[in-house]
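Structural description and commentary
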Amino acid sequence: MTGTVLQLNAKPRIPDQFGLPKAAVPELRVTTSGAEGDYNRWRTEKGKGDPDQAILLITREVLDGIVRDGWPVKPGD
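Residues numbered from 1 in each chain as written. Predicted model: local features only at pLDDT ≥ 70, side-chain atom pairs only at ≥ 80, totals over all residues. Heavy atoms only, no water.

Looking only at helices and strands, one finds 2 helices and 4 strands in the chain. The helix and strand sequence of the chain, counted from the amino end, reads β-β-β-β-α-α. For the chain, the spread of C-alpha atoms along the principal axes amounts to about 35 × 30 × 25 Å. Restricting to contacts in the chain with at least 6 residues of sequence separation, those with at least 24 account for 27%. For the chain, the exposed surface amounts to about 6,600 Å²; the carbon and sulfur share of it is 56%. (Helix = DSSP H or I, 4+ residues; strand = E, 2+ residues; numbered from the N terminus. Contact = heavy atoms within 4.5 Å. Areas by Shrake-Rupley, 256 points an atom, 1.4 Å probe, with all protein chains shown as cover.)

Okay, the confidence of the model for the chain next. Averaged over the chain, the pLDDT score is 85; the fraction of residues at 70 or greater is 92%. Across the chain, the secondary-structure element scoring lowest on mean pLDDT is helix α1 (residues 41-45), at 75, and the one scoring highest is helix α2 (residues 60-68), at 94. (pLDDT = per-residue confidence, 0-100.)

For P21, the location among the structural elements is in the loop between β1 (8-10) and β2 (23-25). Residues P21 and T59, 38 residues apart in the sequence, show an inter-C-alpha distance of 18 Å. Apart from the residues within four sequence positions on either side, P21 is in contact with K11, G76 and D77.

What follows covers a nonpolar patch on the surface. A contiguous nonpolar patch, built from V30, I55 and L57 and spanning about 330 Å² of accessible area, is present on the exposed surface. Relative to the helices and strands, L57 is located in the loop between α1 and α2. Taking relative accessible area as the criterion, L57 reaches 77% and is therefore assigned exposed. (Patch = residues over 30% accessible without salt bridge, like charges linked within 9 Å, V, L, I, M, F, W, Y side chains within 5 Å. Salt bridge = Lys/Arg side-chain N within 4 Å of Asp/Glu carboxyl O. Buried < 20%, exposed > 50% of the residue type's maximum accessible area, 1.4 Å probe, protein only.)

Moving on, we come to the pattern of salt bridges. Taken as a whole, this structure holds 4 salt bridges when the rule is applied. Put simply, D38 and K22 hold a salt bridge, and the shortest N to O gap is 2.7 Å. Placement of the pair is D38 in the loop between β4 (34-35) and α1 and K22 in the loop between β1 and β2, with a sequence separation of 16 residues. Put simply, D64 and R60 hold a salt bridge, and the shortest N to O gap is 3.5 Å. With D64 and R60 both in helix α2 and 4 residues apart, the pair spans about one turn of that helix. Assessed through its relative accessible area of 30%, D64 is described here as partly exposed. A relative accessible area of 39% places R60 in the partly exposed class.

Right, here's the structure in full:
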């Protein structure tokens, strides 16, 4: 199976702002600490750096299905 990455999203740490929506970025480096430049409040404060909370990959078909179910979501939400 092959695929194409349509969009990468991240959000830096901004005081008093939560992590969604995440803006599209031209590139994204993923390490064992997560996505560089993307602040994950839950992972940092509650998850104690749990590496299982780092990245979400979702197919276009799944996202389209969520929209058909009535949720007004788009990449980055």
